[in-house]
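Single-letter residue listing:
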Amino acid sequence: MSGQAAATLQRQSVSALPTTGVLSWGRYPKIAHQYVHKPGWNDQVPGILQAAAPGSLLPHGLGRSYGDSCLNDGRQLIDCRRLNRILGFDEASGMIRCESGVSLSDIIDLTLSKGWFLSVTPGTRFVTVGGSIANDVHGKNHHRAGTFGAYVRQIALHRSNDGLVICNAEENPDMLHATIGGLGLTGVIAWADIQLKRVAGPWIDAECEPFESLSSFLDLSRDSDGQFEYTVAWLDCVRGKNPRGIFFRGNHSADQGKHFQPRGGPRLPFAMPHWMLNRYSVKAFNNAYYTVHAYKESAAVVPYDSFFYPLDRVRRWNLMYGKNGFLQYQCVIPETRVDALEELLDRIAGSGMGSFLGVLKQFGPAPPAGMLSFPRPGLTIALDFAMRGERTLKLMQTLDEVVQQSGGALYPAKDARMSPVLFEASFPRCHDFVSYIDPKMSSSFWRRVMGA
Ligand SMILES: Cc1cc2nc3c(=O)[nH]c(=O)nc-3n(C[C@H](O)[C@H](O)[C@H](O)COP(=O)(O)OP(=O)(O)OC[C@H]3O[C@@H](n4cnc5c(N)ncnc54)[C@H](O)[C@@H]3O)c2cc1C
């Protein structure tokens, strides 16, 4: 394509953005992008790459990452949501080929009624295939199934210097390995082949079990991981190192022969005032949540969406944290360092800034599917904190000390503030990864953690 044609294409597919036009899910940081390209077809992407300056672009999906890994302050995004075509689905093998802007929700809508489900799904279905690969997302079945990347059989990757590169186990396997968990920096994924799993239907045999200490959580986890495909716990963090919580576990149910009716939910219309969230409201919520689940029937057949995606019931729930937004802190701590997890919980409870929902899960032994994949054997905890400026950032720095000292790691998809030192400690292969970065790509996150 000539330079002039590329420039014309860029004008057509570029839209100027208001300052806060694109935010991540945590609505922090609030930054301004120079342009957002909105290609509707994959054959528009090479022109965008050609016309761009080095280090100026980043692909963007549904913006469900919490921090700045999907943002590119002062530079440009390629919004991939219109690359949303399902290109093929083999009902016999469960292999689906789709463009990278297809959402997990779109895949479920097409395949579940035919007896296929995602091999791995995160806690929301409103993420794109591209985003799921770039963060190598994990779900409630990590102990059995590993991560999303383990089911990516092949991708086509737009690279500014090499054109469209096919990556699979035989062709360019290293580039595939770098792109899984590669934070969008290796190029724009055009399409991907994903292996789905057979299920009998949309129902889950679910159980919930209250627990009163970390050691009882560990016992429940150990006992359940062999029998249950999905396990996760909700944690009440107000009580420090003696947390209570509810342990959820489940398996796909045999065909129930019941009609499945997906339910819609309410949505938050605007950002809530920040004073509504304080230690008293958090405590009251946690008490109510615990009480409801502790006395609920402990086993039931439930629809898959309420089991996997309870937060999707309230659209735009992120507005609950007010206009300053919030940060999520998700780390993994080696299994042998339960003391470090206790220390984290004590520091959080002492701060009085604990969140509504703490999520705790034991990761399994699956080898990492990508060079920078976050999951590894250990205990992962995720907590939300309303952004209250320095106070919040200082608390997180004290949590970082514990994570780093324990040999743990932070999850880039949830991060907006970790230091370069902690990033390098969490992802020792980050320097090897650099050679796979597309010269036109960069992100706010990457410049922050690599000082690039
Ligand atoms: C309620 C909720 C629950 C969640 N639960 C989990 C969970 O259980 N487990 C988990 O692992 N994560 C979880 N997440 C995080 C979420 O799954 C990831 O951040 C996911 O990557 C977001 O996908 P996205 O489409 O929104 O992409 P974005 O957030 O827009 O982008 C994510 C990354 O993907 C890259 N990218 C996007 N499209 C492409 C493309 N076409 N080619 C190359 N790179 C691309 C971007 O550059 C960026 O680096 C949760 C998020 C929410 C809001």
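Refer to the structure printed above.
Residues numbered from 1 in each chain as written. Predicted model: local features only at pLDDT ≥ 70, side-chain atom pairs only at ≥ 80, totals over all residues. Heavy atoms only, no water.

Focus: the site of the ligand
Taken together, 35 residues form the shell around the ligand, and within it Pro 59, Arg 64, Ser 65, Thr 128 and Tyr 411 come nearest. Ser 69 is positioned such that a nitrogen or oxygen atom in its backbone is 3.2 Å from an oxygen atom of the ligand. The contact in question runs from an oxygen atom of the ligand to an N or O atom on the backbone of Gly 123, over 3.0 Å. Within the residue set of the shell around the ligand, elements represented by two or more residues are strand E3 (57–60), helix H4 (129–134) and strand E10 (188–195). (Near = heavy atom within 4 Å. Polar contact = N/O pair within 3.5 Å; in protein donor to acceptor, adjacent residues only side chain to side chain. Helix = DSSP H or I, 4+ residues; strand = E, 2+ residues; numbered from the N terminus.)

Details of the pattern of salt bridges
One pass over the structure, following the stated rule, counts 21 salt bridges. In this structure, Glu 99 and Arg 85 form a salt bridge, with 2.8 Å as the shortest nitrogen-oxygen distance. Residue Glu 99 is found in strand E6 (residues 95–99), and its partner Arg 85 is found in the loop between strand E4 (76–79) and strand E5 (86–90); the two are separated by 14 residues along the sequence. As a salt-bridge pair, Asp 312 and Arg 125 come within 3.9 Å of each other at their nearest N and O atoms. (Salt bridge = Lys/Arg side-chain N within 4 Å of Asp/Glu carboxyl O.)

Re the sheet that holds strand E16 (residues 326–333)
What the eight strands build is an open sheet, ordered E15-E12-E14-E13-E17-E18-E16-E19; its pairing is antiparallel. Bordering the open sheet on either side are strand E15 (299–303) and strand E19 (409–410), each of which pairs with just one other strand. Here three bridges tie strand E13 (residues 230–236) to strand E17 (residues 358–363), and the two strands are oriented antiparallel to one another. Considered in E17, the bridge of Trp 234 is made with Val 359. (Pairing = 2+ DSSP bridges.)

Considerations on helix H10 (residues 338–351)
An ideal rise of 1.5 Å per residue puts 20 Å on 14 residues; H10 measures up with 20 Å between its terminal C-alpha atoms. Along H10, the residues classified as buried are Val 338, Ala 340, Leu 341, Leu 344, Leu 345, Ile 348 and Ser 351. On an axial view of H10, the arc spanned by its buried residues comes to 160°, and they lie on one face. (Expected span 1.5 Å × (residues − 1). Buried < 20%, exposed > 50% of the residue type's maximum accessible area, 1.4 Å probe, protein only. Arc of directions from axis to C-beta.)

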